[in-house]
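Reading the structure
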Amino acid sequence: MKTGLVIEGGGVRGIYAAGVLDQLMEMGLAFDGVIGVSAGAIHGCSYLSEQKGRSIRYYKKYCADPRFMGFHSWLKTGDIVGADFCYHELPDKLDVYDHAAFLRNPTPFYVVCSNVDTGEAEYIRLTDMQSQIDYLRASASLPYFSRLVEIDGKKYLDGGATDSLPVDAFMNMGYERNVVILTQHAGYRKSAEMGILPGLVYRKYPAFAKALKKLHIRYNQTLDHIRQLEKEQKIFVIRPHAPLDIGRMEKDPARVEQAYLMGVEDTVSQKEALIHWFSAGK
């Protein structure tokens with residue numbers, strides 16, 4: 001059976017997943033496929049290029065930089081995350097992404113994007129991080145605070161708006177067993193979107209507005225299904241052992257590092273159980 005790796009997003013909270021991923025690199029586990037959503041996709045690409053420590057390095061260095069993320073970027077460019085800085089200047093010059101290593105890695109890598117016209121999730125395989133960088137950007141483009149990302153005539157936004165936890169989708173793609181990295185603690189439940197806001201902001205895209213309104217329902221149903229799959233040992237879940245003390249747009253490097261280190265700690269504490277589960281499926 002094929003074993004996949006599913007990575008949840010969550011803005012800066014996703015740095016928890018980066019801590020998990022760095023430890024998975026240390027363990028040398030080989031997955032048959034990887035899928036990431038939003039920040040999960042951002043950290044997943046560094047995992048595929050085997051650049052251990054890259055995510056926490058540049059997050060700590062640039063999280064407070066107005067070019068990186070925040071309302072300054074939003075007011076100036078229309079994107080809460082600085083598109084040129086984060087997807088070009090940073091990976092091309094400031095903390096260089098290893099494109100050659102990514103290309104050498106045979107592991108299929110998918111990102112989740114939300115098609116705003118259809119209101120459906122699309123699962124797009126990335127084979128070249130340079131020519132396909134806009135799909136990565138689309139996957140992490142937060143609704144309400146990002147411009148639509150248009151690629152080949154299609155308009156996209158954050159994959160988390162339509163499939164925050166693509167466990168079922170990955171299983172349907174043939175990855176029957178999965179390690180799932182969640183960025184919310186056990187017992188977390190998502191609340192409903194803000195009243196009439198989706199319909200007002202995305203009135204030209206009614207299918208997407210409808211998806212936003214129902215996001216909390218789908219998310220919580222998927223959490224219930226994840227718990228069942230976990231009991232059946234079809235998936236292995238790594239989640240924060242306590243609520244992360246960090247905001248979606250956190251700018252305090254110390255808090256960012258604390259969340260990252262919790263990811264490291266939680267993975268180390270489950271190392272033996274994870275290796276046993278992993279080996280049982282081979």
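Note: the structure precedes this text.
The following refers to the structure shown. (Residues numbered from 1 in each chain as written. Predicted model: local features only at pLDDT ≥ 70, side-chain atom pairs only at ≥ 80, totals over all residues. Heavy atoms only, no water.)

1. So, a nonpolar patch on the surface
- A cluster of nonpolar side chains, contributed by F71, W74 and L75, occupies part of the molecular surface with about 340 Å² of accessible area.
- With respect to the helices and strands, the residue F71 is situated in helix α4 (residues 71-77). (Patch = residues over 30% accessible without salt bridge, like charges linked within 9 Å, V, L, I, M, F, W, Y side chains within 5 Å. Areas by Shrake-Rupley, 256 points an atom, 1.4 Å probe, with all protein chains shown as cover. Salt bridge = Lys/Arg side-chain N within 4 Å of Asp/Glu carboxyl O. Helix = DSSP H or I, 4+ residues; strand = E, 2+ residues; numbered from the N terminus.)

2. Considerations on the nonpolar core
- One finds L5 and L24 to be the most contacted residues of the largest nonpolar core, which totals 60 residues.
- No other element matches the eight residues that helix α1 (residues 15-27) contributes to this core.
- Once residues lying within four places of it in the same chain are set aside, the contact partners of L5 are L21, L24, F31, G33, V34, I35, Y47, F170, N178, V179 and I181.
- Of all hydrophobic cores here, the second largest spans 18 residues; its members include V6, V37, L182 and L223. (Core = buried A, V, L, I, M, F, W, Y, C linked by side-chain atoms within 4.5 Å. Buried < 20%, exposed > 50% of the residue type's maximum accessible area, 1.4 Å probe, protein only. Contact = heavy atoms within 4.5 Å.)

3. Notes on helix α12 (residues 253-269)
- In this model α12 runs 24 Å from its N-terminal to its C-terminal C-alpha over 17 residues, within 8% of the 24 Å that 1.5 Å per residue would give.
- What α12 keeps buried is the set V256, A259, Y260, M262, G263, V264, D266 and T267.
- Buried-residue contacts for α12 involve α1, α3 (54-62), β8 (235-238) and α13 (271-280).
- Where α12 begins, the capping side chain belongs to D252, and its oxygen is found 2.9 Å from the backbone nitrogen of A254. (Expected span 1.5 Å × (residues − 1). Polar contact = N/O pair within 3.5 Å; in protein donor to acceptor, adjacent residues only side chain to side chain.)

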